[in-house]
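# Architecture at a glance
Letter by letter, the chains look like this.
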Amino acid sequence: MPELPEVEAVCRKLRRDVLGASIVQLRVERESVARPQSPALLETEAAGRRIEGVERRGKNILLHLSGERVLHVHLRMTGNLYVVPDVRFRPALARLWMELEGGRGLIFEDSRVLGKVHVHRVSDLDGVLRDVGVEPLSAAFTLEYFRGMAKKSGQPAKIFLMDQRRVAGLGNIYAAEALFRAGVNPRKAMRRVTAAKIARLYEVIGEVLREAMDSAAAAYEEPGRFVEGESFPCAVYDREGEPCLTCGRAIKRIAQGGRSTYYCPGCQR
DNA sequence: TCGATCCTGTAG
DNA sequence: CTACAGGATCGA
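These numbers were taken from a predicted model, which means no experiment stands behind them.

### Re the packing of helix 5 (residues 143–151) against helix 8 (residues 195–221)
The N-to-C vectors of helix 5 and helix 8 enclose an angle of 125°; their axes lie 10 Å apart at closest approach. Here helix 5 lies oblique to helix 8, going by the angle between them. When the axes of helix 5 and helix 8 are compared, the crossing they make is right-handed. Of the residues in helix 8, those touching helix 5 at Leu143, Phe146, Arg147 and Ala150 are Ile198, Ala199, Leu201, Tyr202 and Ile205. Residue classes in the contact of helix 5 with helix 8 are distributed as eight nonpolar, no polar and one charged.

### Some points on the protein's contact with DNA strand B
Contacts to DNA strand B come from Arg30, Ser32, Arg35, Leu93, Arg95, Ser111, Arg112, Val113, Leu114 and Gln155. Backbone sugar and phosphate groups make up 65% of those atoms of DNA strand B lying within 4 Å of the protein. Taking arginine 30, its side chain carries an N or O atom lying 2.4 Å from a phosphate oxygen of DNA strand B. Looking at the surface near DNA strand B residue by residue, the class counts come to three nonpolar, three polar and four charged.

### Details of the environment of alanine 196
By secondary structure assignment, the location of alanine 196 is in helix 8. Overall, the relative accessible area of 59% leaves alanine 196 in the exposed class. Between the C-alpha atom of alanine 196 and that of valine 128, which follows or precedes it by 68 residues, the distance is 36 Å.

### Comments concerning the domain arrangement of chain A
Each assigned domain of chain A is listed with its residue range as follows: domain 1 (4–128) and domain 2 (143–263). For domain 1 and domain 2, the distance between their C-alpha centres works out to 28 Å. On the side of domain 2, 16 residues touch domain 1, which itself brings 14 residues to the contact. Each partner contributes to the roughly 1200 Å² buried at the junction of domain 1 and domain 2, and carbon and sulfur atoms together form 60% of this total. The interface formed by domain 1 and domain 2 holds three residue pairs in polar contact (both at pLDDT 80 or more) in total. For the side of domain 1 that touches domain 2, the leading source of residues is helix 1 (residues 4–18), giving nine residues.

### Some words on the packing of helix 1 against helix 8
It is at 8 Å that the axes of helix 1 and helix 8 come closest, and there the two elements cross at 45°. With respect to their mutual orientation, helix 1 and helix 8 come out oblique. The crossing of helix 1 and helix 8 is right-handed. Between helix 1, through Leu4, Pro5, Glu6, Glu8, Ala9, Val10, Arg12, Lys13 and Arg16, and helix 8, the contact on the second element is made entirely by Leu209, Ala212, Met213, Ala216, Ala217, Tyr220 and Glu221.

Rules of the game
Position numbers for residues count from 1 along each chain, tracking the sequence in the order it is written. As they are written, the chains are lettered A onward and the ligands numbered 1 onward, keeping that order. Reporting of local features is limited, given that this is a predicted model, to residues whose pLDDT is at least 70; pairs of side-chain atoms are given and counted only at 80 or more, and all residues count toward the totals for whole chains, interfaces and linings. Working from all heavy atoms in the structure, the side-chain values ignore hydrogens and water. Axis geometry follows a simple rule: fit a line to the C-alpha atoms, using only the stretch in contact for helices, then measure angles between N-to-C directions, giving values from 0 to 180 degrees. Each helix corresponds to a stretch of at least 4 residues labelled H or I by DSSP, and each strand to a stretch of at least 2 residues labelled E; elements are numbered beginning at the N terminus. Angle categories are assigned with fixed cut-offs, so that under 35 degrees is roughly parallel, over 145 is roughly antiparallel, 65 to 115 is roughly perpendicular, and the rest are oblique. Take the far helix as the reference: if the near one is turned anticlockwise from it by less than a right angle, the crossing is left-handed, and if turned clockwise, right-handed. Residues are treated as being in contact if the distance between any of their heavy atoms lies within 4.5 Å. In this classification, the charged set is Asp, Glu, Lys and Arg, the nonpolar set is Ala, Val, Leu, Ile, Met, Phe, Trp, Tyr, Cys and Pro, and all remaining amino acids, among them Gly, are polar. One heavy atom suffices: a residue is near a molecule or strand as soon as one of its heavy atoms comes within 4 Å of it. Polar contacts here mean pairs of N or O atoms no more than 3.5 Å apart (in protein, one a potential hydrogen donor and the other a potential acceptor; neighbouring residues in sequence count only if both atoms are side-chain atoms). Accessibility here uses a 1.4 Å probe with only protein chains present; expressed as a share of the type maximum, an area under 20% marks a residue as buried, one over 50% as exposed, and anything in between as partly exposed. Each domain's extent is set by a domain assignment, obtained either automatically or from a database. Two parts placed together each lose some accessible area under a 1.4 Å probe, and the buried area is that loss summed for both.

Here it is, written out as structure tokens:
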């Protein structure tokens, strides 16, 4: 489900809905969600604590709890985190849930069970998140930084953008969309992309993420659930064989790093 | 840097 | 049935 914009939308909702709420109990329904930690650790560490802050770092969600603890949630491919009015009526795919003071439920739902929920002490956070790179929508993400990273990377552009250690938050969809807008071929080694296109790419990363954030925020507010592809109009992602909106040539799909990459062979040389 | 792996659901 | 899925990690 989520790349940075969707994770941000989840965080905004949580800030509105659960800030200040106490966790009565936490229950792990699927052991692998907690792995390599134990369900028992999560259950004892979370119970009785108050949710004092909601923070996003790349695609990581951090629920700051009282007593210097942090609940670290990663939604991976199919995860979602949201509030239900009554914890007794929770969805079948709730892999972990929390009963909040007053009877509401905070649900971690994840069909594929690739997602993770861990608990840490605040003092351990830096270590846990040491591989999470710069926030693309923050002031720390400068053209100089981006250019510097690009210059010393021989990775294909698409793989580079999805590598969370440099820029944190782009995934398969928005990496492809950014490359399309910048006219960069996804297979091109990053260090060989021209300075002008690096600058363009830097620019459109912000554009794409901001646009996607707006539509994701709106989509998540709808009664019912978020539907993939309904919110952000993709120019290339999942459009194999369809005409490019700019030049009319058929969108291509290739495999990179075990994932599908979509691009326009005309616009992205 | 590549492929396998974690898991399950759904579309073709 | 097979292929594939908006992610990340691990070992070869």
